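In case you want the letters, here they are:
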Amino acid sequence: MEFLKKIEEKWQKNWERARIFEIDPDPSKPKYFVTVAYPYPNSPQHIGHGRTYTMADVHARYMRMRGYNTLLPMAFHYTGTPVLAMAKRLADNDQGLISDFINVYKIPEEKLKELTEPIAMARYFHQEIKTGMKEMGYSIDWRREFTTIDPQYNRFIEWQFEKLRQGGFITQGSHPVGWCPRDGNPVGQHDTEGDVEPEIGEFTLIKFTQGKTFYPAATVRPETVFGVINIWLNPNTKYVKATVNDEQWIISQQSAEKLANQNRKVKVQETIEGKELIGKHVQNPATGKNILILPADFVEPKNATGVVMSVPGHAPYDYVALENIKKDAQKLKLYGIKTEDVNSMKPISLIEVKEYSDIPAADVVKKMNIREQSDPKLEDATKEVYRHEFHNGKMKANTGKYAGVSVAEAKDKVKEDLIKEGNATTMYELLNRPVFCRCKTECIVKIVRDQWFIDYGKPEWKALAHKNLDEMEILPEEVRQEFNNVIDWLHEKACARKSGMGTRLPWDKDWIIESLSDSTIYMAYYTIAKHIKQNKIQPNQLTDEAFDYIFLDAGNPAEISRKTGLDANALKQMHDEFMYFYPLDSRHSARELIPNHLTFMIFNHTAIFPENHWPRQIATNGQVMMEGSKMSKSFGNIIPLREGLTKFGADPLRLSVLSTAELLQDSDFSPIIAKSMRDRLEKLYRFACETAKTPRKKPSKTSLKAIDRWMLSRLQQHIRKATEALNKLAVRKAIHTTLYELDQDFQWYQKRIADENRNPSRKAATAHVFHEVLDTQTRMLAPVAPHVCEEIWEMLGGKDFIARTPWPTVDESKIDVKAEQNEDLIRNVLEDTQNILKATGTKPKKIYYYTAAPWKWKTYLKALEKSASEKVLQKDLMKQLMQEPDLRANAERVAKFTGQITDEINRTSQETKQRRTQTGIAQENETLEEAKNFFQKELNAKFLVYNEEDTKRHDPKQRAQLAKPYRPAIYIE
Ligand SMILES: [Zn+2]
């Protein structure tokens with residue numbers, strides 16, 4: 001372990017000293033620009049965070065070895081609520097948080113006290129995260145680092161928003177937004193606990209009347225109003241009588257505040273216990289019928305108005321609640337309700353749908369065996385009924401003018417009509433409530449007046465976003481549809497808030513741009529950040545005209561330079577550098593950011609940049625699990641990244657987070673995997689130490705034996721596989737090929753040549769193979785385990801850093817199909833023999849092998865050829881074979897043999913068929929004979945090979961006739 005640590009430190013220092021990751025434009029090379037979502041510095045990183053960044057680094061390192069001038073930069077996202085809320089929790093003395101910081105992340109208690117100030121917190125964790133990234137060996141160009149509160153960056157965001165406004169992408173108005181009542185700010189996914197996007201839905205409030213008082217029942221199915229036979233209130237909660245605009249409403253206490261946030265004048269007059277309202281009557285505005293107010297526990301006062309209409313025919317909750325109350329005579333008595341009044345209540349059937357009887361709610365409740373209102377299965381039951389009724393249901397005759405109309409249509413019509421008649425209104429609610437702000441307050445919906453929005457709902461803009469997406473590579477391809485869906489359903493997004501850290505809206509300085517809106521095109525800023533620092537460019541010099549020139553190639557640079565005092569040369573360099581590195585070639589992020597950040601990035605690029613500067617690829621990855629379960633502070637299974645680095649080392653950690661899963665799957669970290677990776681790397685290192693001692697000379701082509709050619713040929717297959725895998729960022733597959741499959745072949749090779757080391761004429765050849773394998777393997781492993789690979793590379797006499805050494809390419813001249821085929825034969829024959837020995841438990845003295853006769857080969861190859869284009873049938877095959885005189889002379893045995901091989905040939909893979917057809921008759925006697933020593937040693941017995949028709953063969957049990965091509969017969973004595 002100690003030595004791994006030393007290697008890591010050594011190479012991190014060497015890289016830094018040689019500045020090999022400081023990437024400048026180089027017109028002689030193709031460029032590649034990789035970025036990864038910058039972190040919010042509001043806590044130290046844990047191992048799970050390492051995955052996305054390691055993936056991006058592996059990608060960058062791979063592309064660099066492929067000859068691309070590859071830039072990987074990094075910055076820090078100070079703005080937005082994540083830092084603010086964390087500092088506030090600390091200031092509020094949140095014991096859970098303090099304990100995590102002290103016990104899990106080992107932050108000194110003294111230090112914590114300074115972190116209650118948001119910027120101090122951001123600065124502290126910024127350094128912590130940056131150090132971790134350096135210790136992980138990321139190939140980042142740190143000259144381009146910035147934070148989102150740098151005044152120059154603020155200018156950049158101001159420019160972006162001016163561009164958006166000029167393009168008509170910004171609107172101002174009153175729209176519902178997710179809202180934290182405590183902070184007085186809109187909330188998006190990055191502001192909530194557990195990163196939940198608040199989903200806003202609209203409820204219809206149907207006004208059931210009691211004289212002049214309204215009971216506004218909230219529903220998403222207004223068309224079922226004709227089937228309402230009672231309304232439900234929760235007897236154990238508080239309701240209020242309130243004036244809402246100019247009406248008298250009875251609503252839950254919680255909903256009074258919500259309505260006030262949705263542009264209504266609400267004045268609470270008195271508080272009433274729910275139970276006092278039970279047993280009274282209200283009138284259904286659609287049918288005019290008088291109905292009872294009944295008690296129900298499932299009514300959630302925090303959901304919409306806390307008043308619920310009861311449609312037991314079509315709503316499973318209502319059906320179960322009605323059945324329950326009918327059986328509860330005692331409860332009815334408590335509220336002074338006559339049992340016969342309730343017992344006579346029958347569900348009304350108002351929708352016809354082929355999947356169900358008249359009472360769909362009853363069908364589903366029975367099918368799912370639901371008895372209680374508290375049964376969580378009721379959610380599924382409700383969804384199921386709704387799905388069928390919405391898609392296939394028709395309104396029945398008892399719905400008056402809506403009779404015969406589809407449910408999907410009636411839903412909107414009934415709502416519109418009720419509202420027109422003054423019998424209904426609407427209210428917004430969070431469909432996925434409860435959603436909690438990072439400050440722990442439950443979020444609500446607010447209609448904000450004069451709120452600024454980015455109008456992602458604009459159809460022309462959606463078309464541009466789709467165009468970009470269609471032209472872009474999405475890795476893995478499976479998530480493309482997710483992007484399409486997000487583009488389709490995005491609508492106006494609140495883009496500014498009244499408080500917090502960030503850039504002020506340039507035209508309305510009361511507003512601060514929120515963090516999912518100030519992080520959409522910042523990849524462009526990396527191309528100029530270096531120049532801004534080096535030339536000490538002031539924010540006021542970065543005028544809109546300056547940015548227009550740099551990013552859009554507009555305007556006159558000489559004039560801009562004169563007006564701003566910007567050095568003409570610096571201005572040109574920024575412009576040229578942007579033009580060199582843009583478009584962005586690859587964007588990395590976790591999959592959770594598809595519904596917001598990643599899609600916002602697409603939208604904003606298409607709004608601001610010309611098409612040739614739109615992003616070209618997005619790569620998303622899954623999470624890291626810890627030994628099978630989700631990483632969570634409360635489970636105590638979080639390993640801070642830097643602790644993991646100390647425990648396991650950087651390369652083992654990098655390998656562990658990437659080797660257990662492909663991009664989209666969740667990867668599973670465990671200390672056992674990390675340790676086994678460390679062992680593998682140590683083994684590789686020790687092997688390299690040994691190999692480095694042997695001189696590396698190129699042997700003559702003729703001195704390479706079949707087994708050497710086999711190893712070099714296999715090596716090419718592994719290069720091909722790893723390259724194809726990395727081109728799709730299938731890093732797990734690349735690691736598997738490089739570390740395991742190649743190793744297996746190499747171990748076989750070492751076993752096969754074990755005897756030959758004493759032979760000086762063979763030494764040069766095998767040393768050459770050892771060097772070539774190690775050289776190639778080290779280069780293929782370098783993107784994932786860069787430190788150990790640099791060390792080995794240096795030992796092997798590599799001239800430059802391995803990070804700048806070309807990735808291995810397939811040398812077609814080294815592919816030796818015949819050698820591979822022959823070696824397969826040896827491997828299979830040995831394995832077959834060992835299996836027989838194991839099964840019979842015999843200790844052999846002599847082992848005899850019989851290879852197939854020439855006529856069998858002829859038959860086999862004909863069959864193989866035929867099977868290339870069709871499924872082979874024995875009778876067709878025989879018809880064809882009988883045209884050959886020599887085979888016809890032995891029709892009987894040919895028939896028997898074809899019977900044995902037809903099925904097998906049909907099952908053979910196309911690839912194998914092709915290869916075997918190509919190589920023709922294999923000289924199996926020769927191949928096996930050559931490996932004689934090896935067999936004798938492995939099997940500890942005398943080894944003899946005959947052709948099955950050899951008259952001198954020893955074959956007392958008549959085994960020879962069983963021989964087939966590629967499957968010699970075996971006899972053991
Ligand atoms: Zn809050």
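Residues numbered from 1 in each chain as written. Predicted model: local features only at pLDDT ≥ 70, side-chain atom pairs only at ≥ 80, totals over all residues. Heavy atoms only, no water.

Student: Account for the sheet that holds strand E28 (residues 846–851), with residues named and values stated.
Tutor: Strand order in the open sheet formed by three strands is E29-E28-E30, and the pairing between neighbours is mixed. On the outer flanks of this sheet lie strand E29 (942–947) and strand E30 (969–972), each paired with one strand and no other. Strand-to-strand twist of the sheet, defined as the mean angle between neighbouring strand axes without regard to direction, takes the value 20°. Relative to E29, E28 runs parallel, the two being bridged by six bridges. By the bridge assignment, Tyr848 is partnered in E29 with Leu944. (Pairing = 2+ DSSP bridges. Helix = DSSP H or I, 4+ residues; strand = E, 2+ residues; numbered from the N terminus. Axes fitted to C-alpha atoms, helices over the stretch in contact; angles between N-to-C directions.)

Student: Let's hear about the packing of helix H1 (residues 2–18) against helix H25 (residues 671–693): which residues, and what values?
Tutor: Between H1 and H25, the least distance of the axes is 11 Å, while the angle of their chain directions is 75°. Here H1 lies roughly perpendicular to H25, going by the angle between them. Along its contact with H1, which presents Phe3, Leu4 and Ile7, the element H25 presents Arg678, Glu682 and Tyr685. Looking at the contact of H1 with H25 residue by residue, the classes come out as four nonpolar, no polar and two charged. (Parallel < 35°, antiparallel > 145°, perpendicular 65-115°, else oblique. Contact = heavy atoms within 4.5 Å. Nonpolar A, V, L, I, M, F, W, Y, C, P; charged D, E, K, R; others polar.)

Student: Can you explain the sheet that holds strand E20 (residues 496–497)? Please cite residues and give values.
Tutor: Across a sheet, paired strands are connected by hydrogen bonds in the backbone, their directions being either parallel or antiparallel. Judged by pairing direction, the sheet is antiparallel, and its three strands sit side by side in the order E20-E22-E21 without closing on themselves. The outermost strands of the open sheet, each flanked by one partner alone, are E20 and strand E21 (504–505). In terms of strand pairing, E21 meets strand E22 (residues 508–513) through two bridges, oriented antiparallel. Across the sheet, Arg504 pairs through a bridge with Ile512, a residue of E22.

Student: Can you explain the coordination of the zinc ion? Please cite residues and give values.
Tutor: Coordination of the zinc ion by the protein is provided by Cys180 (SG), Asp183 (OD), Cys437 (SG) and Cys439 (SG), with metal-donor distances spanning 2.1 to 2.3 Å. Classification of the site at the zinc ion as tetrahedral follows from its four donor atoms and the range of 97 to 121° in their angles at the metal. Sequence spacing among the residues donating to the zinc ion works out to C-x2-D-x253-C-x1-C. Overall, Cys180 belongs to the buried group, its relative accessible area being 0%. (Donors = N, O, S within 2.8 Å, 3.2 Å for Na, K, Ca; no water. Tetrahedral: all angles 85-135°; square planar, octahedral: opposite > 155°, others 65-115°. Buried < 20%, exposed > 50% of the residue type's maximum accessible area, 1.4 Å probe, protein only.)

Student: Can you lay out the packing of aromatic side chains for me, pointing to particular residues and giving the numbers?
Tutor: Scanning the entire structure with this criterion turns up 60 aromatic pairs. On the basis of an interplanar angle of 35° and a centroid distance of 5.3 Å, the ring pair of Trp159 and Phe551 is categorised as tilted. Of this pair, Trp159 sits in helix H7 (residues 151–166) while Phe551 sits in helix H19 (residues 544–552), placing them 392 residues apart in sequence. Take Trp159: its relative accessible area is 0%, and that puts it in the buried class. (Phe/Tyr/Trp six-rings, centres within 6.5 Å; stacked < 30°, edge-to-face > 60°.)

Student: How would you sum up the nonpolar core? Please name residues and give values.
Tutor: Core analysis: the largest hydrophobic core is formed by 125 residues, its most contacted members being Phe101, Phe669, Tyr749, Tyr849, Leu928 and Phe935. Looking at this core element by element, the count peaks at nine residues for helix H26 (residues 706–727). By size, the runner-up hydrophobic cluster in this structure holds 78 residues, among which are Ile444, Tyr456, Tyr525 and Ile528. (Core = buried A, V, L, I, M, F, W, Y, C linked by side-chain atoms within 4.5 Å.)

Student: Which residues make up the pairing of strand E6 (residues 213–219), and what values do they have?
Tutor: Burial analysis of E6 places seven of its seven residues in the buried class, which makes it a mostly covered element. A two-sided burial pattern is seen for E6, the buried positions comprising Thr213, Tyr215, Ala217 and Thr219 on one face and Phe214, Pro216 and Ala218 on the other. Here seven bridges tie strand E5 (residues 200–210) to E6, and the two strands are oriented antiparallel to one another. In the strand pairing of E6, Thr204 is matched with Thr219. Linking E5 back to E6 in an antiparallel pair, the connection comprises two residues, with Gly211 at a positive phi of about 65°.

Student: Could you give me a rundown of the environment of Val58, with the residues and numbers involved?
Tutor: Turning to its location among the elements, Val58 is positioned in helix H2 (residues 50–65). On the basis of relative accessible area, Val58 is assigned to the buried category, the value being 0%. Separated by 587 residues in sequence, Val58 and Leu645 place their C-alpha atoms 17 Å apart.

Student: Tell me what's going on with the pattern of salt bridges, and back it up with residues and numbers.
Tutor: Tallied over the entire structure, the rule returns 81 salt bridges. With a shortest N-O distance of 3.5 Å, Arg433 and Glu442 are connected by a salt bridge. You can call Arg433 buried: its relative accessible area is 18%. In this structure, a network of salt bridges that share partners links the residues Arg19, Glu22, Asp24, Asp141, Arg143, Arg144, Lys530 and Glu577. (Salt bridge = Lys/Arg side-chain N within 4 Å of Asp/Glu carboxyl O.)

Student: For unusual backbone geometry, give the residues involved together with the corresponding values.
Tutor: Apart from glycine, the bulk of residues carry a negative phi angle, and the bulk of peptide bonds sit in the trans form. Arg433 connects to Pro434 through a cis peptide bond whose omega is 0°. Within the secondary structure, Pro434 sits in the loop between strand E16 (424–430) and strand E17 (444–455). Looking along the chain, the bond that leaves Leu475 and enters Pro476 is cis, with omega of -10°. For Ala304, which is not a glycine, the phi torsion comes out positive at approximately 50°. Relative to the elements of secondary structure, Ala304 occurs in the loop between strand E12 (290–295) and strand E13 (308–310). At Asp553, a position not held by glycine, the phi torsion is positive, near 60°. Turning to its location among the elements, Asp553 is positioned in the loop between H19 and helix H20 (557–564). For Asp553, a relative accessible area of 49% puts it in the partly exposed group.

Student: Outline the packing of helix H24 (residues 650–659) against H25, supporting the account with residue identities and numerical values.
Tutor: Geometrically, a packed helix pair is captured by the angle between its two axes and the distance between the axes. Running from N to C, H24 and H25 cross one another at 125°; their axes reach a closest spacing of 8 Å. Taken together, the axes of H24 and H25 lie oblique to each other. Crossing hand, H24 versus H25: right-handed. For the pair formed by H24 and H25, the contact residues are Asp651, Pro652, Leu655, Ser656 and Ser659 on the first element and Ile673, Ala674, Met677, Arg678 and Leu681 on the second. Broken down by class, the residue content of the contact of H24 with H25 amounts to six nonpolar, two polar and two charged. (Left-handed = near helix turned anticlockwise from the far one by under 90°.)

Student: Which residues make up H26, and what are the values?
Tutor: The end-to-end C-alpha distance of H26, which contains 22 residues, comes to 32 Å, matching closely the 32 Å that a straight helix rising 1.5 Å per residue would cover. Note on H26: the residue one or two positions beyond its end, Leu729, has a positive phi of about 55°. (Expected span 1.5 Å × (residues − 1).)

Student: If you had to explain the side chain of Ser561 to someone new, which residues and values would you point to?
Tutor: Inspection of the secondary structure assignment puts Ser561 in helix H20. We classify Ser561 as buried; its relative accessible area is 13%.

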